[in-house]
Every structure is written in structure tokens, then in C-alpha cells.
Amino acid sequence: MRHLRAKRRARPVSSASALSLSATAARSAPTTGDSRGKDLMKTSLKYLIPALQITKGVSSACPQLQLAVEALLIVLEAYKKYSEATEAIGTLLSRIQSLNGLLNKFQSEDSCPQPLKDSLVTLASELQEVVGDAERVQSKWWIVRLLRATDYAERIESWVKKLDQRIHTFLLERTIALEVTVHKGFDGANSRLDKADLKRANELNDGKTMPIRRCQTLSPHISALKRSLRPVIEALLYSGSSVHVQCHENTRVEVLSSLCSWLRPEHPPLSDLPILWLHALAGSGKSTIALTIADRWDKEGLLGASFFCARDGDRSNINCIFRTIAYRLALHLPTFREHLIKILEMEPDLYSSTPTRQLEKLIVEPLEALRASAKSEAPFPARVAIVIDALDECTDDTAVSTILKSLALHIGRLSPVKFLITSRPEENITRGFLQQSLDDNTQKLALSKIPEDLTRRDISAFLESRLADIREGFKLGASWPLPKQLENLISLSELLFIFAAAAVRYIGDQAERDPKSRLTALLDAGNAAAAKRGTSASEFSILDALYLQVLENAASRLGDNLKARLNLVLGTIVLAEQRLSPAMLDALLDLPTGTASRVLPVFGAILTISDSQDDTTPIRIIHLSFSNFLVDPTRCTDQGFLVRPQIHHSHIALRCLNVMKVLKYNILEVDSEHDHVLNDEIPDLPARLSRHIPAALEYACRYWTRHLCEAEVGEDLLTALKEFCTSHLLHWLETQSLQATDVPSLLYDCERAVRAFYPIISTSAMHMYSTVAIFAPIDTRLRRLAAAHARTSLVVRVGLENTWSTTLVSRVNHGKYIRTLTFSPDGTYVACTKWDRTVQLFNVHTGAELQVFKSHADKPIECLSFSPTSKEFLSGSKDGSIHLWDVATGANLNTWKVHSDLVHSVAWSPNGTLAASASLDNTARLWSLASPKQMVVLNCSGWVGYVVFAPDWDLLSYSPSGSCKIWNTRGVDWDTDTDIKPTRTLKHNSDVLTVAVSSDNLLVACGLFNGEIVLWNKSDGQRVRSLPGRSQVISLAFYPSGVLAAAYTETPFALWDVLTGAVVNSAGNKDARAAAFASDCRHIAHATRRQLHVRLWPSEQNAIVTTAITGRLKQLARRSSVEDREAVGNHRIDVRAVITSPMGNFALSEYADELQIYEASTGRCIRTIDHHIDAYSSAVWSPTGRLFACAGADHTVHVWEMDSGSYAGIVTGHTSLVNSVVFTRDEQHVLYASWDGTIRRGKIGGRTSSEVLFQSVGDRIWALAVSSDGQWILSASCREGSPPDTSSADLLAPPSRQPVQDNDSHYNALRLHDATTGHVVWIQHYPCWITSVAFSEDCTRALAGNQKDEVFLYDPTQIIPPHHAAPPLSVPEHKLSVRETHENIRRISFSPNGRAVITHRTYTSIPSELQPLHIGPTDRSLIAISFYDDDWLWRIDHPDADPRRLCWIPPMFRPQLNSVDSFSSAGGQFIVHFTLGGSLVIMDSATAC
């Protein structure tokens, strides 16, 4: 080495002469000629080496770069004879000339600015990587290098490409020109450069395509852009990661010419459309063409960006495509880059957003800014080419390609960009190009339609050239191959370039060194396969024969031990999510070191591998068709080679789990002094990652879930999964955080926990563990794991599920009830209209509120309909107007006054061009959204309730009159038609509430008020079938395969088989007010008053539901449960009221037909009593808990003994609903009030009548309380028509307010009665409904709560003196400062010690001067209070303590607060309530203190 360096130093070359020499070489480099000529290679190197010598000489400002270039010179000198990469070397030569021109300005370190030095050091380190690889090969024996000359030629070509890419990227990203300009302070330099560029642009853009202006000014944000966008560098042109090569010389000339003509509209062979789709079957050469044309466009300055997809790593991730393209465009277009940076500053997380949003924000909006600046200093390119190759190799299981859907939405806003997209004609891609906007803007070029003689000519040229190389290399003589052999080989290729490429690799295998025999064997196998073509199931039978020949020949050269591992190794290579190196294969599969390196070299015809001493370079499969062959049993007929994906995925998943056993806390061993830093602030992070997370472990951490998805689950895998979840789940998340990867889907429990507990997980880490430990289903492993870290011992005794239910998300909507529900067509959103004049938009997966749309002019929003793109929706208002809203921004885009009365329904046509509406003005209207003034009236002859479009654009209208009409909208003449008539009317004997049309337009389903669903033949109006039901049908949706989803108000939702009329699945339901079905056939949304639920159909019986990883892991979780436990609690969902006993040890739960008593400490139901009650009745305990009572549906009061459950008595007398019941302190009587305006007292024992204590005809008594001494009664009532009578002589004090009617025209009053006589001694008028009343324990204070969220305190001692002295003129009234909850005060009481007021949602201390005269007990067990507020359960342990959060309550467990008896807490230990869904919940907080 020293000798070579000395020799190099002794032969200096002047810069001028060398540059001239290089330029001459570039001009004289031939564009065509004999690809086999070694002289051409020597000539290219002859000029490249002097150019590098110049680079070495002019890079004195950076010693590191000098050393790297010097090493490269040695490598190139040593390998002149091996490489034939003439074209690649020519490209590299031009790059080096540009680099030399810039470096020549600096001949010393002092003259070089520091930013430039930094950039050069980085370039030097990148070049050194290539040098290291070359030196490893150079160290081998000369005989080895001679024998493997062909392999080394390919290696050298890859080195040259890598060098070219590194220098090219340096020139683009580092932009030395501006660094120099800024350093020297030449303010005018940019102006002069821009003027020169603009002049050149105007010259080039004179009606023609202008090259993209490469980035000639440094942006300090380039590195930041790279961090923000996270582009996939491996997917770019010149990345060196592609297994594809460019088109062989003089082949595919016509195709390449057509592609160039498409980009240049002045040449008309292809139309000037913004997208060109090049499609063909596997092996046809699509990627080779894409690589060739991208390289050509790049050299011409026309390529803006490229993304070469592949089924490994992020190159298969559709979320990476547009962000990578945006990154490359930013490097090329300065104005684009400036606007992109601004967008990313506002929304830094766009890299993780959906492809559609990425396209809009990262590409479309900067392009619009670019067009807007066309007249500025930055020239505007007329054409920017973007190449997306092998789109079908991306992971995208949607029915229509996500990338194409995104392009379809924005194709009109992408100028000047033109997309070349290549793919197989897969169904979802073909369907994507059929979208109207893409179909109108896409030129489709099928390689299969190219004349066969042209393709045959190109394959012939390729084979002749490559076989000539083999003939020369092996000295076979001029007659080889024989003309008939060549013709036979061409015929066997069947116009597939991949066959030709694989064949020459197989024939010219350097290890076998027998081209003649191999050619003969290949032709024999191919001819035999061709002869059997009629019996083969594969359309690639001859290609399959080639692959099988390669495999058999390779296996025959392996020993028994290696042959036994062959299938495992091949299967892992084929199924791996990214390319693996031999070392990774050994580590991942637990093979002896070096096994993969010994097995794989015999597969040189189908795999590209490194030499045996380099086990870190990834293995490459030459073409995807080989992977497809190995996994298809109809193609790979040798069972020894066949890869069975499920079995292999199981083995890989198991090995991943085993590899991850080394995970631990703080795996990077970061010192404690740095434990507070962010990931990117960890010292030496790259080195630590490389040292502590080797490649095999990184792969296992990243992809184990994907392999688990596809695995055949066995006991071994199940055991490993259980151990991993128990010991390493958090360690795994640590590695994912460190590696900055998107965390894959967690286990089923984790996914469901995130859905159910998302609000608390996102806000409180401390409470996350306790929430999961308390509320997760009993039989979940995650619950037990969380319990180990939870800092609470609160226990749910009743109300937990055993396993996760079908409900994914529940959300309580504060305020008004939900009226209607609608899914967006893409299934992302669910929107609800509410009685508070708003529309709320929620994320389907998390339940997070995304947007609130408020009506204009205070007019309620009655209905809505999403656009087909889910980006907008229409809403109808009470005033007859229709509004167009933007989903993303919440903006009201347009308003049309269409009707004269309330709009009851709106609909959007499937193609988004038409809208329809129905109104109470007895009209339905159809209009064009593009021209709303073009409107026709549907001749309905009566009130139209709803409208809906069929898939074929027919409009259906239906109404409570029982009719459903079908209208043909396709034949509307907008210029002449003012109204149209229906083509068909479907009549029913009940009101029609909802309608659905099947996707094939064959069936119409009408849901009726009486619960019946009627199916009609849409084409002829014949009745097909009737499906029975027991409650109103509120929503219908057709699913594929003849299944109809139906939602009812009071009965379970159902999936009907429309052919048989049978129910194939059902989902529980209670009191649904609105419902909707998502287009994915899985999600259901329904609302019960103010609660929104998003759920799935039960998957056990539902063949419609798509099986995903969550479903598979759900089964695993059930099978791996360590104990079989019965459900805890009550499965009924119709609780009407609940209340705890005075000592808190029992809970009484009311249902429409029975009472249930639970032991609070165990959650065990100890007694069930048959009893039918009124809707507004409530139960009550006696003071000691010995008795309990409840009003019946017959207006009587029933009393039972707690111990025996037997009747203690029935009290009669009321003629209307009994609303309140109270025991006297001696438990001998009950006092009860009714809507008949009376308060009665009845004796307990047998069936007895009651005495009337008070009666006011026309009153409805809502609330009742009795003082603890039994002397006084407090009642609250309302009446219509006239104010309450205040003329009684028994009144001791008159009311302090005048009577006033509330909004419902009621007069409300609060009365104090003498409990012995029932006489009213004091009355107070109220402006609103009084909802609750209470006495303090010492009888010296009284409380009243009302529907306006107000609490008033009274001092009854002022009118109840010991000897009834003369009463004062009025009773003092004090309004307490209770925190607003915007809800009725349904429950009110004094705290046990009397110092505070407790409502169902607040705890308010009473000012000392207003507190009861006698303060209660100080025993902590008696004064602890629990209450619910703001989605949390709160606790107060003693009077002077502040409330503390006990736990967050998930929506499914929250109390039903619109009922008086919904929430009860005794001594703070047991919290009893029933939920919005009607389920009973009992929580024990005794150990949570």
C-alpha cells in the first residue's frame, strides 16, 4: 500500500489538463457498442482515475476526504479488469467533475468555511464505507478473485452506484455555492445567479419542458426536513438497495421512447395526461423500465422524485410514499421547500398521518404555492416527473388502492407533477384507476399489448449478449450456443424478461462452471414443462420449471445437514418483512454461525448474496416471482422446497419471541445522570443501538406481531407469547421508542384497553395502571399485569365483564340528547346531531371528539349526509336551509335556502354530484351541487320524511304514510324539468322509518314502525320477503353476500340472511335512540340518550367480520386464561333505580319486573323479589335497614323484611304514580307522595289503607323529605293553570317571592308541613322545577335543589320555635355556591357531619354561620364521602380535607345521572350506581383509603 501511495504521489496531474482530459472522455464516450468489450471499461477507468486524482489534489481543505479518495484510487486501479459498469462509471465521472469544480476554489483548510468542512467530513465517511467493502474483497487470494470475476464485477457496479449516489446527494443537499457565498458575504451573488437561471429558464421554457432546477442554494433546514419527513432512502433512485438493473442496451426502445413522449407533450405518441400507468404480469420487466427511464429523466433534469416499492421494510409501507416524494421534491425545488418547511412547522407530525393527508399537505399545498410564485425569482418547471414503481408490492388490503384514492382526490391540484406508476394489474389497483377522476386523467400502457415481435426481439438481443459473455468467459468456442438452442431458449422465455435473466445467471454460474450442461438441462426441463402445459395449473409452468431446476441442482450440492435446513432458510428469506443478511438469518433461526453463508451460495441464479466472509450484506431475491413460486403448491410441486406460510410464520414468530428474551430495562445501559433526556439526546445513541440491539434483535422487535398475525398457533408459540407478555412487554415498547418506529398493534387486550381507557392513558400515567386494574375484564392478562403496579385497591364487586365485550368505545355527551348518527363512507368518523343545535364528529377508533359544528342563526341541525369522499357533509336545518360543511376545518362552505320549512333529511349521490332533501313543506328536491339553482321538485303529494340514493343513482323517498317511492335521477333534464314523477311506489301497512338498497341494486329493504322489514325487488316492485320484528326499525344497511343489518329501538340488532329470512347474528341493545352501520361491515354506532357507543358485531358467529390480528389474539387470550371464572355481577341492562342500605352493607336494585338485593362486600345477589313498578317510582330503606319499600305499578306501596324477604305490608290509597316513599323513624309507618297531589301515611302490616295528610288537586308532588324527629315534612310540587294556594290560616310565614310560570307553564312550590296534621306552615314560590329536598340530621336546616343547578339552604327554626311563638315575616333563604354541572340537582343531602352539601356530582362546604346547629360525628368511617364529578370518582376523608381523585370512571361505567336514584355512597366505602346502559355497578373503596 505504501508503494502504491508513493507511486501515486510521484505522478501528479495538473488540474487543468486532467479536467480537459475528463471532458474529452465524456464527449467521446460511446452511447452504443459492444457491451462485452473490455477496452471500453479500461477507457472509462482511464479517465475516471485522473478525475479522482484531481479530487484528491483539490480536497486539501479536508484531509479526511483526501484519505478516502486516495483509497478509492487504489481500489479502482486494482479492479480495472473485473468491472463492466461503463455507463455507471460515466455517470460517476460527471459527478466527480462537478465536485472538482467546486473544490478547486479552496486549496487550504483556512480558506474553507466551517459548514463546508463539516459536509466534506460526512462525505468522506460515506465514501469510506465503500472503500471498506472493496478492501475486504481485495484481501482475498488472487485465484478466488479470478474464479469469481463475474460476481466481483456486479459488486464493483454496486460500489460505483453507491459512490455516484453519495456524491450526487452531497451536491444537492450541501449546496456548496451558498455556503461559499454566505461565508464571504457576497450579498449580490444570489441575485446574479437567479437572474442567470431565470434567463436560462425562459429560454428552455419557450413552449417546451424546462428541466427541474436543482437545489443550488443551501437550506439550513434540509436535515430538519429529513428528520421531520422520515423519508425511505432505500426506495430512491441510486439507493443501491434495488435488485433491478436498467434495460439492456438497445432493448425496450419503443417503450422508453413512448414514456419520454408522454413527459414531453410536443411529441404526441401518448396523450398529455398527468398519470401514466404501466402495467403487466410479473416478470415482464416493469421495474427495469422504471429504473431506466427514471435514470434518464434524472440526467435530463426532469425527475422530481421516485419511490421503488418492494416487499421489505418501509418500502412496502404506503404511509412512506408521499412523504419520501415530498422530501425529494424539496431538494429540487427551493420554493416548494420553503412552503413545505412552513407547513411542517405548523403540523410536525404529518409523517404519521394518512397518505391522503400527506399528499394534500406535503405535496399539493406546496405545489400550489409553487404555482403561485411562478412570476417570482424562482423559475416554474413545466414538467416534474415522479416515478412510483411496483405499487402492487405495497401492503394495502383496501378494496381500492389507498395511494390511488389519494391521487384521485387531488389530481386536479398536482400540476406540474406527472406520475409514472408501474404495477401488476391487481384488483385493488385496477379498481383505483377506474375512479372517474383517475380514469379521465390516466394514460394506460399495458406491456402485454406491445407487439410480441418487439418483445421477442429485445429478449433475443439480451440473451445473445449475455450468452456471448459466458462463451468468452469460459472459452466455449464460437459455435456455442447452437442457433437452435438459442431459439429454443427464446421460445421458453414466453416474453418474460425475468426468465431470460434467471436463465443466464443459472447457465453462467461460476461455482458450477459448466454452461453447456446447464443450458442442456435447462432446455430439457423447460421443454418438458411446455409439453405438459395443458395439465399444469400454473400460467408460468416454464418459469416454474426453471426455478425447480435451480433448486434441485443447488440441493444436490449440499450435505445432509445443510439440506435439512434448506427449507427453513428459504422460507424465512421469502417471508421476512425485510431483507436479511446471512448473519441475521443465523441469529434469528438459531443456526450455527455461518450456516446461511454455506447454504446460500449455491443459489446464485435466484439470489444475490455476498461472499462467504461477508455475512452482513442483505440477501436479495432476483424477482418476486420466485417468492410467489415457493409459496404456491400448484407451482412448486416438490414438497421439499414448498414453503407453507402459516407454518413458517409460526416458526419465525416463535424465534422472534425467543430472540427478544434478552430484552431488559434500560437496554442501552444509559447512565442514571441521563435518564431524563429524550431519545435523540442520549449520548452516542447510534453506537449504543448498534451495540445493544443487534440486527436480528431489531428485526424481531419490529416484526414479531406481523408474523404472529399469519401464524398457525400452537402450544409452543402460545407459551412463548405468554412469557413475553408477562416479562418483556414494556421492555419491547422501550426498544420501539428507541428505534423511532411506529408501534405495531399490541395484543388484543392492549388494543381494547387503549380504546376503552384512551382519555386516562393520554393524561395520567399514575392512574393508567389503576384504571386498567380496576375496570379491565376479569379474565384478561393485562388486568393482572396492571394490578402489580396499581396504587389503588378499589374493587368493582358488581359490573365487570369476564372478557372484552363487542363495545369498542363509549362516550358520554354532556348536554342534550343525541338525535341521529351517521358514519362517514370511509369509516373514519361517526357524526351525531344533537338537540343542542350542534353536530359532533368523533374518531371511530378512539372515540375522541374531533370537531363540533354549530348551527347558524341558532337553528337546530336536523340531519346530515357525508360526501362520498368523507371530506364534507350536508346538513339540514329547522329553517329550511341546507349547509355544506368542511370536515377538516369545521367551516361552513356554503348555504342554500331550499325549503320553506324544517329539512328532515338530506342525501348525497354516490358520485358526489347530486344532492336531495326532504322537508316538512311537503316537498322533496333534487339539485346539482355544482349548480344548485338547477333544481327539480319530486312530486310526492304529501309529507316526505326521508330520502336516500341507491348505488345506481336512483333516489328513494319514504314517509310515515307507509309509502316508499323510487325516482330515476339519471334522465333528469335540468333545463326543462321542474318536477318529476316516481317510477315506482312501494306501499306498506305501517310507517316507513328507514330504507336501504343493496349494492347490486337488486333489493330494497324498508324498515317499519311496527318492527317489520319488507324486502322488495327494485326492478319490478315485487314484494320478496318480510322479516318480523318487535320494535321500531331505526336503521338498515346491506352487507355483501346477501346479509342485511338492522337496528331496532328496544330489541337486539340483527343480521338477516335475506335469502332464508334467518337471523345469522345479533347484538344486544337497550333503548337505542339512533343507530348507524359502517361500510366496513364491522362497526356499529348507536346512541342511548346522551351516550354514544361504537361496537363490533359479535365475531364468534359472524362470518361477515374480517379476521384481523385482534381476533386471533382474542382467541389466544381466552385459551391462555389461567383460571375459569364465572361472571361477576348482573347481566341485566334495565336497572331503573339503586340505593344502598343505611349501613352500606346491602344494595337494592330495581327493575321493571323485580327487585334484587346484593351483598355489597362480595357483590353476590342474595335475594330476588318479583315486583312490577312504575317508571318513576323508587325504593327506600328503613332507618335501621330492617325493612325496605317500593311503590308498585298499581299505585300501592309494598314493604318487605330484609332478613326473610317476606312481605311486611302493602299500603294503598293513591290514584296516580307514587313518586316518593319515606319511613318514619320508628319504622311503624310510611309516608308517600303521588302525582295525584296527595301525601299519605300508612301503617305497616298486612294490606292497609292510608290516611291523607295533605292534598292539593292539580299538583304533582316530585320530592319528599321527613325530618329525623318525625315532626316535619318538606315537599316539592308543580301545577298547571294557576299558582298554589297561599291563603291558608295555617301558614306561619308567607312566601318571599311572587308565583311565576316556568318554561313549561308550570307553577312550582316548596312547602313545609306539620308531619302530624299535614298542614302547610310555610310555602315558597319557585321559578323552576324543584328536583330534590332534604333535612339536616338535627332538623335545623333544610335544602332544596332545582333543575337550574342551584341549591338553596333554609333555616326552619325561624318558623318552628319551641312553643310556636309569633312567626317572623319571612324565612331566611341562602343560595349556596355550588359548582355548576349544567344538570338537574337529582340528589341532595347533608354530609354525615352536617358541614357540607352533597349532590350527585358536587361536594360543597357550608359556611360556618349557616351550618346546622348540632354538628354530626367525627368518626372517619362515618364521615368519608365519595361522589362522581367530571368523569372521576372523588373522595373526601374528613371535613377539613380537600377532595381527592379516587379513580377515573370509563364511560361504560359512569352513572345514569338523570335519575334520582342512580348514585349512592354510604360512608364512602361502597359506591353503588347504575350506568347509562342500565347496568348495575358496585365498587368497594374500603381498601383504597
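Please refer to the structure placed before this passage.
Because the structure is a prediction, the values reported are computed rather than measured.

Draft legend 1. The arrangement of the packing of aromatic side chains in detail. For the structure on display, the rule yields 20 aromatic pairs. Seen in terms of ring centroids, W262 and W297 are 6.2 Å apart; in terms of plane orientation they differ by 45°. Their pairing is tilted. Of this pair, W262 sits in helix 12 (residues 253-263) while W297 sits in helix 13 (residues 286-299); the two residues are 35 residues apart in sequence, bridging distant segments of the chain. A relative accessible area of 0% places W262 in the buried class. Note on W1262 and W1329: the rings are 4.8 Å apart at their centroids and 65° apart in plane angle, and the pair reads as edge-to-face. You can see W1262 sitting in strand 50 (residues 1259-1266) and its partner W1329 sitting in the loop between strand 53 (1320-1326) and strand 54 (1330-1335), a full 67 residues away along the chain. Look at W1329 and you get buried, because its relative accessible area is 19%. Lying across the ring of Y1326, R1297 places its NZ or CZ 4.9 Å from the centre. R1297 extends its terminal NZ or CZ atom over the ring of F1352, reaching a point 6.0 Å from the ring centre.

Draft legend 2. Focus on the packing of helix 16 (residues 355-372) against helix 17 (residues 402-410). Close contact between helix 16 and helix 17 brings their axes to 9 Å; oriented N to C, the two are set at 45°. By the criterion of interaxial angle, the relationship of helix 16 to helix 17 is oblique. Handedness of the helix 16/helix 17 crossing: right-handed. On helix 17, the residues that touch P355, T356, L359, E360 and V364 of helix 16 are T402, I403, S406, L407, L409 and H410. Taken together, the residues that form the contact of helix 16 with helix 17 break down as 6 nonpolar, 4 polar and 1 charged.

Draft legend 3. Spatial organisation of empty space enclosed by the protein. Considering all chains together, one arrives at 14 cavities of 30 Å³ or more under this definition. Taken as a whole, the largest cavity encloses approximately 150 Å³ of empty space. Along the walls of the largest cavity sit 16 residues, with A756, F757, W804, M1452 and F1453 positioned nearest its centre. Of all elements in the fold, only helix 34 (748-761) and strand 9 (807-812) reach the threshold of two or more residues within the lining of the largest cavity. The biggest single contributor to the lining of the largest cavity is strand 9, with 4 residues.

Draft legend 4. View of the sheet that holds strand 44 (residues 1197-1201). If you trace the 8 strands from one edge of the open sheet to the other, you get 42-43-44-45-49-48-47-46, paired in mixed fashion. Edge positions in the sheet fall to strand 42 (1179-1181) and strand 46 (1218-1223), since each has one partner strand and no second. With strand direction ignored, the average angle separating the axes of adjacent strands in the sheet is 25°. Across 5 bridges, the pairing between strand 43 (residues 1187-1191) and strand 44 is antiparallel. When the sheet's bridge partners are listed, C1190 is paired in strand 44 with H1198.

Procedures and definitions
Residues numbered from 1 in each chain as written. Predicted model: local features only at pLDDT ≥ 70, side-chain atom pairs only at ≥ 80, totals over all residues. Heavy atoms only, no water. Phe/Tyr/Trp six-rings, centres within 6.5 Å; stacked < 30°, edge-to-face > 60°. Helix = DSSP H or I, 4+ residues; strand = E, 2+ residues; numbered from the N terminus. Buried < 20%, exposed > 50% of the residue type's maximum accessible area, 1.4 Å probe, protein only. Lys NZ or Arg CZ within 6 Å of the ring centre and 35° of its normal. Axes fitted to C-alpha atoms, helices over the stretch in contact; angles between N-to-C directions. Parallel < 35°, antiparallel > 145°, perpendicular 65-115°, else oblique. Left-handed = near helix turned anticlockwise from the far one by under 90°. Contact = heavy atoms within 4.5 Å. Nonpolar A, V, L, I, M, F, W, Y, C, P; charged D, E, K, R; others polar. 1 Å grid on protein atoms, 1.4 Å probe; cavity = no way out; pocket = protein on both sides within 12 Å on 5 of 7 lines; lining within 4 Å. Points joined across faces, edges and corners; volume = space filled by probe spheres on them. Pairing = 2+ DSSP bridges.

It is worth stressing that arrangement in space is one thing and function is another; only the former is reported here.
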